[in-house]
Number of protein chains: 2
Amino acid sequence: MKIGDLSRLTGTRVETIRFYEKEGLIPAPSRTGGNYRVYDQAHLNRLSFIRRSRDLGFTLDQVRALLDLSDDHSRSCGAVDELAREQLRSVERKIEDLQALQRELASLLNQCSQGTIAECRIIEALAPG
Amino acid sequence: MKIGDLSRLTGTRVETIRFYEKEGLIPAPSRTGGNYRVYDQAHLNRLSFIRRSRDLGFTLDQVRALLDLSDDHSRSCGAVDELAREQLRSVERKIEDLQALQRELASLLNQCSQGTIAECRIIEALAPG
DNA sequence: CTTGACCCTATAGTGGCTTCAGGGTGCATA
DNA sequence: TATGCACCCTGAAGCCACTATAGGGTCAAG
């Protein structure tokens, strides 16, 4: 499998795959005579794992931790659980922050009566006073 | 007013104020004999405006646009309205994305029965198959 | 033998700051 | 007068997770 195939199979940009390799998240694959990277099923599995973790909002450091944990099958699942729980809390905090923003923006837009800047409620709300 | 005072009054880090100046968001203030920046009320107003805009999630480019618009009092408020509306849409999209994440994470955590990694539902959900 | 899709490396850029290294200023206190 | 300390200065690098760009090499088909 060449890097373009892996890219299509995982929906990851080619540059991102090379970036993950440089970051040590994916082991360096073997090369063809023409210096092309050659991947196998293990690489595909690992990259899929990384992508799903990223899609769930984990940072690359958290992904690293999850990869390490997933390798040690006899270990307790507690650390994984804690990472996921922390991530859930972080997502919930972000949602709350954004909802507060949403309310503020909606309220500003509600007051705008499309006149001139001089009487614009939005600018007024931003300006100090 | 020295940069530290402005920092305290607006809740902006000193380094960030200098960064805004370098970015052209705040005009370069005059200096004391000892080369300290000296700010006045106009600077305070402008920085407050920037911070409130940033708190509402506008990018620095959007803040630049808002600052330009706010200077032209006779102009129509339509452009401001459009910026705010765009920002609201963007916030709403982010909320939806995060809520989808929240559901996924919560569902994963719900399935975790705190055993070993080998039987961990979270790792399982991340691994391909 | 050329075209075009694909691959390679190395480096810089993105946004919005933050941190660091290495200094200078200014006021109060011993 | 010396010294300590809080504050200020500049310029450059670092952060995250990529993305983009420049400048080239490989390989199969027509």
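By the naming in an unreviewed UniProt entry, chain A goes by Cu(I)-responsive transcriptional regulator and is assigned to Sphingobium jiangsuense.

Caption draft 1: Quick look at the UniProt feature "domain: HTH merR-type" (unreviewed entry) in chain A. Per the UniProt entry, the sites bearing "domain: HTH merR-type" (unreviewed entry) are residues 1-69 of chain A in this numbering. Structurally, residues 1-69 of chain A is divided into 61% helix and 6% strand, and its ends, taken at the C-alpha atoms, are 27 Å apart.

Caption draft 2: Examining the protein's contact with DNA strand C more closely. By nearness alone, 20 residues border DNA strand C, and Gly4(A), Arg18(A), Arg37(A), Tyr36(B) and Arg54(B) come closest of all. Of all DNA strand C atoms lying within 4 Å of any protein atom, the proportion belonging to sugar or phosphate reaches 78%. Arg54(B) has a polar side-chain atom sitting 2.7 Å from a phosphate oxygen of DNA strand C. If you list the elements that add at least two residues to the surface near DNA strand C, you get helix 1 (3-10) and helix 2 (14-22) of chain A together with helix 2 (14-22) and helix 3 (41-55) of chain B. Top contributing element to the surface near DNA strand C by residue count: helix 2 of chain B, with four residues. Of the residues belonging to the surface near DNA strand C, the class tally is six nonpolar, five polar and nine charged.

Caption draft 3: Quick look at the state of the cysteines. Tallying each qualifying case throughout the model produces zero disulfides over all chains. Here Cys120(A) stays unpaired: no disulfide links it, and the sulfur of Cys77(B), its closest cysteine neighbor, is 3.0 Å away.

Caption draft 4: Summary view of the protein's contact with DNA strand D. The immediate surroundings of DNA strand D are formed by 18 residues, with Tyr36(A), Arg54(A), Gly4(B), Arg18(B) and Arg37(B) found nearest. Here a phosphate oxygen of DNA strand D and a side-chain polar atom of Arg54(A) are 2.7 Å apart. The contact in question runs from a phosphate oxygen of DNA strand D to an N or O atom on the side chain of Arg31(B), over 2.9 Å. The set of elements that each furnish at least two residues to the surface near DNA strand D consists of helix 2 and helix 3 (41-55) of chain A together with helix 1 (3-10) of chain B.

Caption draft 5: Structural context of the relation of the copies chain A and chain B. Mapping chain A onto chain B calls for a rotation angle of 180° and an axial translation of 0.0 Å; the resulting RMSD is 0.2 Å. What the superposition gives is, in effect, a two-fold axis relating one chain to the other. No C-alpha of chain A approaches the rotation axis more nearly than that of Ile95(A), which lies at 2.8 Å. Most of the interface of chain A is mirrored in chain B: 100% of its interface residues are interface residues there too.

Caption draft 6: Region of interest: the packing of aromatic side chains. All names here are of chain A. Counted under the stated rule, the structure contains two aromatic pairs over all chains. Consider the rings of Phe19 and Tyr20, whose centres lie 5.9 Å apart with planes at 45°: the pair is tilted. With a relative accessible area of 34%, Phe19 lands in the partly exposed category.

Parameters at a glance
The residue numbers shown here count from 1 along each chain, following its written sequence. Chain letters start at A and ligand numbers start at 1, both assigned in the order the entries are written. Residue-level local features of this predicted model are given only where pLDDT is at least 70; pairs of side-chain atoms are given and counted only at 80 or more, and the full residue set underlies all totals for whole chains, interfaces and linings. No hydrogens and no water enter the side-chain calculation; it runs on all heavy atoms of the structure. UniProt positions are given in the numbering used here, feature names are shortened, and annotations may be inferred rather than shown by experiment. Numbering of helices and strands runs from the N terminus; a helix is a DSSP stretch of H or I covering at least four residues, while a strand is a stretch of E covering at least two. Any residue with at least one heavy atom within 4 Å of a molecule or strand is counted as near it. In protein, a polar contact means a hydrogen-donor-capable atom and an acceptor-capable atom, both N or O and within 3.5 Å, with residues adjacent in sequence counting only if both atoms are side-chain atoms; elsewhere, any N or O pair within 3.5 Å suffices. Residues are grouped as follows: Ala, Val, Leu, Ile, Met, Phe, Trp, Tyr, Cys and Pro are nonpolar; Asp, Glu, Lys and Arg are charged; every other residue, Gly included, is polar. Two cysteine sulfur atoms form a disulfide, by the criterion used here, when they sit within 2.5 Å. Residues below a pLDDT of 70 in either copy are left out; the C-alpha atoms of the rest, at least 70 in both, set the least-squares superposition of the copies. Any two residues having at least one pair of non-hydrogen atoms within 4.5 Å are treated as being in contact. Paired rings are identified among Phe, Tyr and Trp, the last through its six-membered ring, by centres lying within 6.5 Å, and are further divided according to the angle between planes into stacked (under 30 degrees), edge-to-face (over 60) and tilted (the rest). Per-residue accessibility, obtained with a 1.4 Å probe over protein chains only, is compared with the maximum for each type, and a residue is labelled buried under 20%, exposed over 50%, and partly exposed between these values.

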